[in-house]
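Observations on the three-dimensional arrangement
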Amino acid sequence: MKILVAGATGKTGTRLMNELVARGHDTVALVRDSSDTSQLPAQSEQRKGDLADLQDGVCEGCDAVIFAAGSGGDTSADMTDKIDRDGAIALIDQAAKSGVSRFVMLSSVGAENPDPDTEMGHYLQAKHDADEHLKASGLPYAILRPVALTEEDGEGAMVFGDDVDPKAKAARGDVAKALADAAMSAEWAGKTLLMQSA
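Quick look at the structure, then. (Residues numbered from 1 in each chain as written. Predicted model: local features only at pLDDT ≥ 70, side-chain atom pairs only at ≥ 80, totals over all residues. Heavy atoms only, no water.)

With respect to the overall build of the chain
Each helix and strand counted, the chain has 4 helices and 10 strands in total. Reading the helices (α) and strands (β) of the chain from amino to carboxyl end gives β-α-β-β-β-α-β-α-β-β-β-β-α-β. Along the first, second and third principal axes, the C-alpha atoms of the chain reach 40 × 35 × 35 Å. Buried positions account for 48% of the 198 residues belonging to the chain. Considering only intrachain contacts with a sequence separation of at least 6, the fraction spanning at least 24 residues in the chain is 65%. Entry remark: accessible area of the chain is about 9,200 Å², with carbon and sulfur atoms responsible for 45%. Computed over 19 positive and 33 negative side-chain charges, the inter-centroid distance for the chain is 2 Å. (Helix = DSSP H or I, 4+ residues; strand = E, 2+ residues; numbered from the N terminus. Buried < 20%, exposed > 50% of the residue type's maximum accessible area, 1.4 Å probe, protein only. Contact = heavy atoms within 4.5 Å. Areas by Shrake-Rupley, 256 points an atom, 1.4 Å probe, with all protein chains shown as cover. Lys, Arg positive; Asp, Glu negative; His and termini not counted. Charge placed at Lys NZ, Arg CZ, Asp CG, Glu CD.)

This is the structure we're talking about:
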């Protein structure tokens with residue numbers, strides 16, 4: 001498959017790009033002019049694109065799109081909306097126009113029912129809105145909602161769905177593997193799943 005990754009130069013995205021290449025897929029990294037692309041696989045195609053101002057055609061020729069981007073934990077509410085909500089929605093719409101066969105969203109635990117009075121409330125509302133737009137888009141989709149992320153590669157053992165402990169941890173390496181699975185496995189079609197490392 002030819003798979004476009006938004007957030008390809010991030011901590012999870014870099015692991016995801018290498019995971020996809022290891023599985024034999026053609027990878028396309030959506031990158032800004034200011035992105036550090038030094039950690040991307042050498043054989044990956046790079047397409048210029050900014051989620052805060054996305055141009056037409058960025059998904060052309062791709063079989064699947066994975067949204068693994070994020071505005072970061074220290075950004076303003078405005079930037080969270082621009083990237084995690086509006087940027088995701090714009091990419092979903094571009095993917096729909098291009099007829100991709102699957103859109104995989106990296107979401108978050110708590111995005112199902114955001115509590116506006118919590119520290120993460122605004123971020124989770126942005127993720128919720130993007131998730132709902134994806135569900136309504138008509139695209140074949142999968143949504144992964146990991147618990148708190150760690151910088152570890154993980155062991156590849158994961159728990160999904162109702163058995164997940166919301167207070168557990170999810171290794172970024174495991175999240176990358178789960179996103180790669182979600183892009184190609186029929187078992188993921190139309191599913192929204194919580195995830196933790198076992």
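Side note on the nonpolar core
Counting residues in hydrophobic clusters, the biggest one holds 29 residues, and the most contacted among them are Val5, Leu16, Ile66, Leu144 and Leu179. Sorting the residues of this core by element identifies β1 (2-6), α1 (11-22), β2 (26-31), β4 (64-67), β5 (102-106), β6 (141-146) and α4 (172-184) as the ones contributing at least two each. What Val5 contacts, discounting residues up to four positions off in sequence, is Leu16, Met17, Leu20, Val28, Ala29, Leu30 and Ile66. Residues Ile83, Met105, Leu139 and Ile143 belong to the second largest nonpolar core, which totals 25 residues. (Core = buried A, V, L, I, M, F, W, Y, C linked by side-chain atoms within 4.5 Å.)

Quick word on the packing of aromatic side chains
To describe a pair of aromatic rings, you give the distance between the ring centres and the angle between the ring planes. Evaluation of the coordinates by the stated rule reveals 1 aromatic pair. Their ring planes at 90° and their centres at 5.5 Å tell us that Phe160 and Trp188 sit as a pair that is edge-to-face. With Phe160 in strand β8 (residues 158-160) and Trp188 in the loop between α4 and β10 (191-197), this residue pair connects regions lying 28 residues apart in the sequence. (Phe/Tyr/Trp six-rings, centres within 6.5 Å; stacked < 30°, edge-to-face > 60°.)

Some details on helix α3 (residues 121-136)
For α3, built from 16 residues, the straight-helix expectation of 22 Å at 1.5 Å per residue is met to within 8% by its first-to-last C-alpha distance of 22 Å. Taken residue by residue, α3 has Gly121, Leu124, Ala126, Lys127, His128, Ala130, Asp131 and Leu134 as its buried positions. Residues of α3 that are buried make contact with β4, α2 (77-98), β5 and β6. At the C-terminal side of α3, Gly138 shows a positive phi close to 90°. (Expected span 1.5 Å × (residues − 1).)

Notes on α4
Between its terminal C-alpha atoms α4 stretches 19 Å, which fits the 18 Å expected from 13 residues at 1.5 Å a residue. α4 sits mainly inside the fold: 10 of its 13 residues count as buried. Restricting attention to buried positions, one finds in α4 the residues Arg172, Gly173, Asp174, Val175, Ala176, Ala178, Leu179, Ala180, Ala182 and Ala183.

A few points about the packing of α1 against α4
At a closest axis distance of 8 Å, the pairing of α1 and α4 adopts a crossing angle of 55°. In terms of axis orientation, α1 runs oblique to α4. Handedness of the α1/α4 crossing: right-handed. Seen from α1, the contacting residues are Lys11, Thr12, Arg15, Leu16, Glu19 and Leu20; seen from α4, they are Arg172, Gly173, Val175, Ala176, Lys177, Leu179, Ala180 and Met184. Of the residues assigned to the contact of α1 with α4, the class counts are 7 nonpolar, 2 polar and 5 charged. (Axes fitted to C-alpha atoms, helices over the stretch in contact; angles between N-to-C directions. Parallel < 35°, antiparallel > 145°, perpendicular 65-115°, else oblique. Left-handed = near helix turned anticlockwise from the far one by under 90°. Nonpolar A, V, L, I, M, F, W, Y, C, P; charged D, E, K, R; others polar.)

Structural notes on the pattern of salt bridges
Summed over the entire model, instances satisfying the criterion amount to 13 salt bridges. Put simply, Glu19 and Arg23 hold a salt bridge, and the shortest N to O gap is 2.8 Å. A salt bridge links Asp78 to Lys82; the shortest N-O distance between them is 4.0 Å. You can see Asp78 and its partner Lys82 sitting in helix α2, 4 residues apart, about one turn around the helix. The class for Asp78 is partly exposed, based on a relative accessible area of 48%. (Salt bridge = Lys/Arg side-chain N within 4 Å of Asp/Glu carboxyl O.)

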